[in-house]
Amino acid sequence: MTARSVQTTFRVATVGQGFYEITRDVAAWVQGRDDGLLTLMVRHTSASLLIQENADPDVQHDLLAYFQRLVPPATDPTLDYLRHRAEGPDDMPAHIKAAMMPVSLSIPVMQGRMRLGTWQGIYVFEHRDAPHSREVAAHFG
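Residues numbered from 1 in each chain as written. Predicted model: local features only at pLDDT ≥ 70, side-chain atom pairs only at ≥ 80, totals over all residues. Heavy atoms only, no water.

Regarding unusual backbone geometry
Here the phi dihedral of Gln111 falls at roughly 50°; this positive angle occurs in a residue that is not glycine. By secondary structure assignment, the location of Gln111 is in the loop between strand E5 (104-110) and strand E6 (113-114). By relative accessible area, Gln111 is classed as exposed at 69%. (Helix = DSSP H or I, 4+ residues; strand = E, 2+ residues; numbered from the N terminus. Buried < 20%, exposed > 50% of the residue type's maximum accessible area, 1.4 Å probe, protein only.)

See the structure below:
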């Protein structure tokens with residue numbers, strides 16, 4: 001059976017750097033659809049999308065700590081060469097993190113269910129300190 005192409009947008013309110021799971025919302029949207037391919041894309045240059053473990057919150061904690069250490073705020077002396085500082089010391093580091101990680105994902109769907117692994121969840125990874133309203137564009141076909 002051929003899948004009909006449809007699109008939607010998921011809105012995610014963030015309160016600062018961290019992981020925001022959207023697996024349930026996305027699963028509810030694909031439920032009952034035919035076999036096909038789901039494509040997700042975060043519509044921002046300072047956030048990423050990840051498929052990551054959703055069973056142990058220490059995984060998200062450790063990933064956040066790692067990326068904060070890898071790319072510290074622009075006030076860190078090691079980043080004094082950065083020029084883009086107009087929106088604060090977290091802005092350019094957020095762009096760097098987003099350039100290092102995926103901003104889109106492709107997920108197979110079979111019989112209306114995403115083919116994620118047992119411990120996998122879909123996350124918006126917010127790289128900015130302040131709250132933001134993020135949009136994730138979704139296409140299923």
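As for the sheet that holds E5
Taken together, the five strands give an open sheet; going across it, the order is E1-E8-E3-E5-E6, and neighbouring strands pair in antiparallel fashion. Unpaired on one side and paired on the other, strand E1 (6-14) and E6 mark the two borders of the sheet. Both strand E3 (residues 36-42) and E5 contribute to a ladder of six bridges, which runs antiparallel. Its bridge partner being in E5, Leu38 is matched across the sheet by Ile107. Here helix H1 (residues 23-30) sits on the sheet and contacts E1, E3, E5, E6 and strand E8 (132-140); the angle it forms with E1, its principal contact strand, is near 165°. (Pairing = 2+ DSSP bridges. Contact = heavy atoms within 4.5 Å. Axes fitted to C-alpha atoms, helices over the stretch in contact; angles between N-to-C directions.)

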